[in-house]
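A structural walkthrough
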Amino acid sequence: MELTKVLENRRSVKSYEQYHLDRETIYNLLDKAALSPSAWNLQQWKVIVVDTDESKEKLYHAANKQIKIKEASATFIILGDLNAHETIGDVADDWIEHEHIPAEKREGLIETVNRFFESETNKRDEAVRGASLFAMSLMLVSEDAGYATCPMIGFDKQSVIDAFNIEDNFIPAMLMTIGKGEMTNERASRLPASSFAKFE
Ligand SMILES: Cc1cc2nc3c(=O)[nH]c(=O)nc-3n(C[C@H](O)[C@H](O)[C@H](O)COP(=O)(O)O)c2cc1C
């Protein structure tokens, strides 16, 4: 589908038909969303796919009992990794292999990245930014493939962490349902660009 159409058609869908979404299709959508950009290609996103009744039940209770979690085919818990920069050596090697940087720049790159991530604010910002860019891509590729989604922050962070044994270095950035469903009401209005953008 044309990208503009995908953007226009995507809605935050609140109720879902009973529909089994197979794991191969889910992997395929996640692979496409992983084409998202990230600073230094660190790919901070990690995803827990909640698609069993038992896991849905746990997530439902940690997420304000949002019924769409039980109805949807699956819900993604999209996490941002605070320690993704620890993989910068691998990223550097991959960049050298793909001729993005010459080998002699390797150590300088690692030093720059490690210095940037000494800041706790930078770590947190990048984890949430990376996970959010991934999430937007996942909504769009899902829409393009004929699946409805809804991003959600209506959850208790600590309850999600406890229920799914999420390690300390991961921040739950957002949840996202996926399945078959549609919104029949009109989209709420958006402010025009002239109200939020300025040229300088
Ligand atoms: C980060 C984020 C968190 C959201 N959290 C929830 C949520 O917890 N529950 C819900 O029903 N909708 C949630 N929404 C959906 C918004 O209400 C919806 O995107 C907005 O009203 C615009 O509607 P549209 O996506 O259909 O264009 C969330 C959206 C975003 C982007």
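Within any chain, residue numbers begin from 1 and follow the written order of that chain's sequence. Since the coordinates come from a predicted model, pLDDT governs what is reported: local features require at least 70, and pairs of side-chain atoms require 80 or more to be given and counted, while whole-chain, interface and lining totals use all residues. Side-chain numbers come from the whole structure's heavy atoms, not from hydrogens or water.

**Things to note about the environment of Y19**
- Note on conventions: DSSP H or I runs of at least 4 residues are helices, E runs of at least 2 residues are strands, and numbering of each starts at the N terminus. Turning to its location among the elements, Y19 is positioned in the loop between α1 (3–9) and α2 (23–33).
- Sequence separation between Y19 and G146 is 127 residues; the distance between their C-alpha atoms is 12 Å.
- Any two residues whose heavy atoms approach within 4.5 Å at even a single point are treated as in contact. The residues touching Y19, leaving out its near neighbours within four places in the chain, are S73, Y147 and K180.

**Thoughts on α2**
- Each residue gets one of three labels from its accessible area relative to the maximum for its type: buried under 20%, exposed over 50%, partly exposed in between, using a 1.4 Å probe on protein chains only. Every buried residue of α2 is listed here: I26, L29, L30 and A33. Down the axis of α2, the buried side of the element spans an arc of 100°, and every buried residue falls inside it. Across from the buried face of α2, at angles greater than 90 degrees, the exposed residues are E24, Y27 and D31.
- The inward-facing, buried residues of α2 contact β1 (45–50), β2 (74–81), α7 (120–144) and β4 (170–179). To be clear, the arc concerns the directions from the helix axis to the C-beta atoms.

**A closer look at the site of the ligand**
- Neighbouring the ligand are 13 residues, the closest being R11, S12, K14, R187 and R190.
- Between R187 and the ligand, the recorded distance is 2.6 Å, taken from a side-chain N or O atom to an oxygen atom.
- Note that accessible areas follow from Shrake-Rupley with a 1.4 Å probe, and for residues the cover is restricted to the protein chains shown. Here the ligand loses 65% of its free accessible area of 620 Å² to cover by the protein chains.
- If one sorts the elements of the shell around the ligand by residue count, strand β3 (residues 148–152) sits on top with 3 residues.
- Polar here means any residue other than Ala, Val, Leu, Ile, Met, Phe, Trp, Tyr, Cys and Pro, which are nonpolar, and Asp, Glu, Lys and Arg, which are charged; Gly is therefore polar. In terms of residue class, the shell around the ligand is built from 4 nonpolar, 3 polar and 6 charged. Near, as used in this document, describes a residue that has one of its heavy atoms within 4 Å of the molecule or strand being considered. Definition of a polar contact: a pair of N or O atoms within 3.5 Å, with one able to donate and the other able to accept a hydrogen when the atoms are protein atoms, and with sequence-neighbouring residues admitted only if both atoms are side-chain atoms.

**Thoughts on the UniProt feature "domain: Nitroreductase" (unreviewed entry) in the protein chain**
- UniProt positions are given in the numbering used here, feature names are shortened, and annotations may be inferred rather than shown by experiment. As annotated by UniProt and renumbered to match this structure, "domain: Nitroreductase" (unreviewed entry) occupies residues 8–180.
- Helix makes up 46% of residues 8–180 and strand 17%, whereas the separation of the span's terminal C-alpha atoms amounts to 17 Å.

**Side note on the side chain of N169**
- For N169, the location among the structural elements is in the loop between α8 (157–163) and β4.
- Take N169: its relative accessible area is 17%, and that puts it in the buried class.
- In contact with N169, other than residues within four places in its own chain, are G80, D81, L82 and N83.

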